[in-house]
Amino acid sequence: RGPAGCQAVSGYVARAMAMRERYGVRRVFLSTDDSDVVEEFRREAGFEVLVLGLDRVLFDSSLFIEYRLMMGYTDVPAVTEATLVDLFLLAQADYLVAGFGSHFGRVALELSVGTKGYVPPYASVDYPYCFHFLQRRRIG
């Protein structure tokens, strides 16, 4: 596991490399709060890595962002803007590698499908995609 319970970078690297082998991917956009992850991805994967030039210090904490927002520890408009920009850029990607144990990854894929009109190539680093995410429902 990576920082704050996130999936290890190696899982993302492995799936991005599979996308490179299958589709010729050479450039990736990373949505991450950790600058060390960006450097590790560049070093291990050999891709051209793109990231937003936002100050990610507002995300640098062991507390979940939701708690910090509720307690007034961070700038709500700045967090909202950074989150939406990352989300919409991920939705515009030709290929997606994400964690579907997170609403963020699933919403990025759903926005992508909705705007493109087709399901782009995607891979998960944790759970398979499912619109109802880990809910058990009786069948029949």
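Right, let's walk through the structure included here. (Residues numbered from 1 in each chain as written. Predicted model: local features only at pLDDT ≥ 70, side-chain atom pairs only at ≥ 80, totals over all residues. Heavy atoms only, no water.)

Looking at the packing of aromatic side chains
- Counting across every chain of the model gives four aromatic pairs.
- An aromatic cluster is present here, built from Phe100, Tyr122 and Tyr129 joined pairwise through their rings.
- Geometry around Phe47 places Arg20 over its ring, the cationic atom sitting 4.2 Å from the centre. (Phe/Tyr/Trp six-rings, centres within 6.5 Å; stacked < 30°, edge-to-face > 60°. Lys NZ or Arg CZ within 6 Å of the ring centre and 35° of its normal.)

Quick notes on helix H5 (residues 103–116)
- Along its 14 residues, H5 runs 20 Å from first to last C-alpha, staying within 8% of the 20 Å computed at 1.5 Å per residue.
- For H5, the set of buried residues is Gly105, Arg106, Ala108, Leu109 and Ser112. Viewed end-on, H5 has its buried residues packed into an arc of 160°, placing them on one side of the element. Among the exposed residues of H5, those pointing more than 90 degrees away from its buried face are His103, Gly114 and Thr115.
- For H5, the elements touching its buried residues are helix H4 (76–92), strand E3 (96–98) and strand E4 (122–124).
- Put simply, Ser102 is the residue that caps the front of H5, since its side-chain oxygen is 3.0 Å from the backbone nitrogen of Phe104.
- Downstream of H5 by one or two residues, Gly117 has phi in the positive range, about 85°. (Helix = DSSP H or I, 4+ residues; strand = E, 2+ residues; numbered from the N terminus. Expected span 1.5 Å × (residues − 1). Buried < 20%, exposed > 50% of the residue type's maximum accessible area, 1.4 Å probe, protein only. Arc of directions from axis to C-beta. Contact = heavy atoms within 4.5 Å. Polar contact = N/O pair within 3.5 Å; in protein donor to acceptor, adjacent residues only side chain to side chain.)

A few points about the environment of Leu90
- Here Leu90 is to be found in helix H4.
- On a C-alpha basis, the gap between Leu90 and Leu109 in space is 7.9 Å, while along the polypeptide they are 19 residues apart.
- Those residues in contact with Leu90 that sit more than four places away from it in its chain are Phe29, Ser31, Leu96, Phe104 and Ala108.

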